[in-house]
Amino acid sequence: MLTIVALFFLLILSALLLQKWSAPKTMDKIPGNLGWPIVGESFSFLSSFSNPAGIFSFMHNRQQRYGKVFKSYVLGRFTVFMTGREAGKILLTGKDGLVSLNLFYTGKQVLGPTSLLQQTGEAHKRLRRLIGEPLSMDGLKKYFPFINSLAVEILDQWCGRRVLVLEEASTFTLKVIGHMIMSLEPSGEDQEKFRGNFKIISSCFASLPFKIPGTAFYRGIKARDRMYAMFDSTIAQRRNGEGLQQDFLGSLLKKHSKENSEGADDDNKLTDKQLKDNILTLLVAGHDTTTAALTWLIKFLGENPAALERLREEHQKIQSSREDGSSLTWSEVNNMPYTLKVINETLRRATILPWFSRKAAQDFDIDGYKIEKGWSVNLDVVSIHHDPEMFPNPEKFDPSRFDEPIKPFSFLGFGSGPRMCPGINLAKLEICVFIHHLVCRYKWSPLEKDDSVQPTLVRMPKNKYPIVVESL
């Protein structure tokens, strides 16, 4: 009897899924293959994450067959993939509210409804303005001494050791963000709780959306709740005049906080819910991408001695200009032209975020195809960054590509348009500081040759890039 009932419910579920799986008729005119019923091309899409080329192989094979615009069904969505500078301009500028950000269900649930990543139009502009001030260059200047001393402290422990660069970069970036947001000390019980909860949250974004005990998504939601409890405790202490700090949270509480309100309409104030959702958004957005960028940069430098030598010359020249042997200064960190080219080339070559997902907010045309309101549209960034017409010999690591200005929407390392990465200045600051101390003190060699990547939304070396480090 139980078997019959189970089969009955399975048939009903299958029928519902097949009904949901039916593609919009108007999508018939767009070339492509939707793959198998229900799963579509999800397996091919996900398997491409783990190979060195990432989703480039998935995209390239289909672009060869169908052109720059094609349809597919991946991760539970009917999706139109597109590439090229013109597509980038349309999707990233979001002119006249053409598209909105298209987070997966797990991301929406974890980050919360008031996250910057879930806002559109004027609401997005307002929120970006309110939280963007502490991330400006002027706002970041006060955090520079901490970032500088932390980089030195971490690198002090590298000499003669086997180092997993990805782990060390993760520790560095997370401690920087924890200090910036709520003045967390680099070590101690609060730091450990903070790190532990964050790692669980970070790992749940690419999980299946089942909020069942034992699943990654369930653990992520619980870790998010614990993180919010930490935020609530700190916010309460600050409002009671305890432990006042000139950090990101302190700035928002002083200028923009609106106590005990969930829906007030003062354009210059944020509710506690908005504060917490957007502090978490900053954490998530600022940690994984900067960690990956720093790791890839060190890897690419190790594989390209000429670029490393030129970079080292820039930093040793900065170092030698100090008569008293003092440490890196704010003015020096803002005058590293070749380092910035190395950062850009790293982001082009690695393409840490391989695609940008948007949702059509209205009908529009692209390359002769009609995109309808509500459709998921993904911009393939990998193909843009590996376009041989813009970047000859695209697999080569060559920072000199950025000696001259790049055409708009050809390089999207930090995105573009109104949703350009708000933490761009912080990411560059962290990397410039860390790399300065690294190349002035050490040389390194990889312990294994492995170009495979982790099967995650943010591309990172699968082996965490193990190296052995020696003093110069």
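That block above? That's the structure.
Along each chain, residue indices are assigned from 1 in the same order as the chain's sequence is written. Predicted model: local features are reported for residues with pLDDT of at least 70 only, side-chain atom pairs are reported and counted for 80 or more only, and whole-chain, interface and lining totals are derived from all residues. Excluded from the side-chain calculations are hydrogens and water; all other atoms, namely the structure's heavy atoms, are used.

1. Focus: the nonpolar core
Counting 99 residues, the largest nonpolar core has Trp158, Leu283 and Trp444 as the members making the most contacts within it. In DSSP terms, a helix is any run of H or I states spanning at least four residues, a strand is any run of E spanning at least two, and both are numbered starting from the N terminus. The dominant element in this core, judged by the number of residues it contributes, is helix 13 (residues 272-303), at 14 residues. Each residue touching tryptophan 158, except ones within four places of it in the same chain, is listed here: Val163, Glu168, Phe434, Leu438, Tyr442, Ile467 and Val469. In plain words, nonpolar cores are sets of buried Ala, Val, Leu, Ile, Met, Phe, Trp, Tyr and Cys residues tied together by side-chain atoms within 4.5 Å. When accessible area is computed with a 1.4 Å probe and restricted to protein chains, residues below 20% of their type maximum are described as buried, those above 50% as exposed, and intermediate ones as partly exposed. Residues Met27, Val80, Ile90 and Leu412 belong to the second largest nonpolar core, which totals 26 residues. By the convention used here, residues are in contact when the closest approach between their heavy atoms is within 4.5 Å.

2. Remarks on unusual backbone geometry
One non-glycine residue, threonine 351, adopts positive backbone phi at about 45°. Here threonine 351 lies in the loop between helix 16 (337-350) and strand 5 (355-360). By relative accessible area, threonine 351 is classed as buried at 2%. In this structure, asparagine 393 takes a positive phi of about 50° despite not being glycine. The residue asparagine 393 is located in the loop between helix 17 (381-385) and helix 18 (424-441) in this model.

3. Focus: the sheet that holds strand 2 (residues 77-82)
For sheets, the rule is that strands pair by backbone hydrogen bonds, running either parallel or antiparallel. For two strands to count as paired, DSSP must find a minimum of two bridges between them. Ordered in space as 1-2-8-5-3, the five strands form an open sheet in which the pairing is mixed. Each end of this open sheet is capped by a strand with a single partner; those strands are strand 1 (69-74) and strand 3 (99-101). Across the sheet, the axes of successive neighbouring strands diverge by a mean angle of 35°, strand direction being ignored. Here the axes come from fitting lines to C-alpha atoms, over the contacting stretch only for helices, and the angles between their N-to-C directions go from 0 to 180 degrees. Helix 3 (residues 56-66) contacts strand 1, strand 2 and strand 8 (376-380) of the sheet and is inclined by roughly 130° relative to strand 1.

4. What to know about the packing of aromatic side chains
Planes of paired rings set the category: under 30 degrees apart is stacked, over 60 is edge-to-face and the rest tilted, where pairs are Phe, Tyr or Trp rings (Trp by its six-membered ring) whose centres lie within 6.5 Å. Summed over all chains, the structure comprises 15 aromatic pairs. Between phenylalanine 45 and tryptophan 355 the ring centres are 5.3 Å apart and the planes differ by 70°, which places this aromatic pair in the edge-to-face class. Residue phenylalanine 45 is found in helix 2 (residues 42-47), and its partner tryptophan 355 is found in strand 5; the two are separated by 310 residues along the sequence. Across the pair, exposure class does not vary: phenylalanine 45 and tryptophan 355 are buried alike. Between the NZ or CZ atom of arginine 224 and the centre of the ring of tyrosine 228, over which it lies, the distance is 5.4 Å. A positively charged side chain is recorded as over a ring if its NZ (Lys) or CZ (Arg) lies within 6 Å of the ring centre. The angle to the ring normal must also be within 35 degrees.

5. Comments concerning helix 6 (residues 121-132)
When the terminal C-alpha atoms of helix 6 are compared, their 16 Å separation across twelve residues agrees well with the 16 Å that a helix rising 1.5 Å per residue should span. Buried within helix 6 are the following residues: His124, Arg126, Leu127, Leu130 and Ile131. An end-on view of helix 6 places all buried positions within 165° of arc, on one side of the element. Projecting away from the buried face of helix 6 at angles above 90 degrees are the exposed residues Glu122 and Lys125. A helix is expected to span 1.5 Å multiplied by its residue count minus one. As used here, the arc is the angular range of directions from the helix axis to the C-beta atoms.

6. A closer look at the side chain of glutamate 41
Looking at the element boundaries, glutamate 41 is found in the loop between helix 1 (2-21) and helix 2. Residue class for glutamate 41 comes out buried when judged on its relative accessible area of 8%. Looking at glutamate 41, its side chain comes within polar contact range of the side chain of arginine 62, at 3.0 Å. The residues contacting glutamate 41, other than those within four sequence positions of it, are Asn33, Leu34, Gly35, Phe58, Arg62, Ser72, Tyr73 and Val74. Under the rule applied, a polar contact is a pair of N or O atoms within 3.5 Å (in protein, one hydrogen donor and one hydrogen acceptor; residues adjacent in sequence only if both atoms are side-chain atoms).

7. Points about the side chain of serine 170
Looking at where serine 170 falls in the secondary structure, it is placed in helix 9 (residues 165-182). The class of serine 170 is buried, set by a relative accessible area of 6%. Here the side chain of serine 170 touches lysine 199 through a polar contact of 3.5 Å, side chain to side chain.

8. Details of the pattern of salt bridges
Put simply, a salt bridge is a Lys or Arg side-chain nitrogen that is within 4 Å of an Asp or Glu carboxyl oxygen. Across all of its chains, the model carries 21 salt bridges by this definition. Among the ionic pairs, lysine 125 bridges to glutamate 122, the shortest N-O distance being 3.5 Å. Taken together, the positions of lysine 125 and glutamate 122, both in helix 6 and three residues apart, correspond to about one turn of that helix. Accessibility assignment for this pair places lysine 125 and glutamate 122 in one class, exposed. The shortest N-O distance in the salt bridge between aspartate 225 and arginine 224 comes to 3.0 Å. With a relative accessible area of 34%, aspartate 225 lands in the partly exposed category. Looking at arginine 224, the relative accessible area reads 11%, which means it is buried. Ionic contacts of the salt-bridge type, sharing partners, join the residues Lys299, Glu303, Lys449 and Asp451 into one network.

9. Some remarks on the environment of threonine 120
Residue position: threonine 120 is located in the loop between helix 5 (105-111) and helix 6. The spatial distance from the C-alpha of threonine 120 to the C-alpha of asparagine 148 is 36 Å, given a sequence separation of 28 residues. Excluding residues within four positions of it along the chain, threonine 120 makes contact with Ser100 and Arg419.

10. Focus: the environment of valine 80
For valine 80, the position within the fold is in strand 2. Under the relative-accessibility criterion, valine 80 is labelled buried at 0%. With 298 residues separating them along the chain, valine 80 and asparagine 378 place their C-alpha atoms 6.2 Å apart. Excluding residues that lie within four positions of it along the chain, valine 80 makes contacts with Met27, Ile30, Val69, Phe70, Lys71, Ile371, Trp375, Ser376, Val377 and Asn378.

11. Concerning helix 11 (residues 216-239)
The end-to-end C-alpha separation of helix 11 is 34 Å, in line with the 34 Å expected for 24 residues at 1.5 Å each. For helix 11, the complete set of buried residues consists of Phe217, Gly220, Ile221, Ala223, Arg224, Met227, Tyr228, Met230, Phe231, Thr234, Ile235 and Arg238. Glycine 241 occupies a position one or two residues after helix 11 and carries a positive phi of about 80°.

12. Points about a nonpolar patch on the surface
Only residues above 30% relative accessible area that lack a salt bridge enter a patch, with like-charged residues linked at up to 9 Å and the nonpolar side chains Val, Leu, Ile, Met, Phe, Trp and Tyr linked at up to 5 Å. Accessibility throughout is a Shrake-Rupley quantity obtained with a 1.4 Å probe, and a residue counts as covered only by protein chains that appear here. A contiguous nonpolar surface patch, about 320 Å² in accessible area, is contributed by Leu208, Phe210 and Ile212. Within the secondary structure, isoleucine 212 sits in the loop between helix 10 (189-203) and helix 11. A residue is classified by how much of its surface remains accessible, and isoleucine 212, at 48% relative accessible area, is partly exposed.

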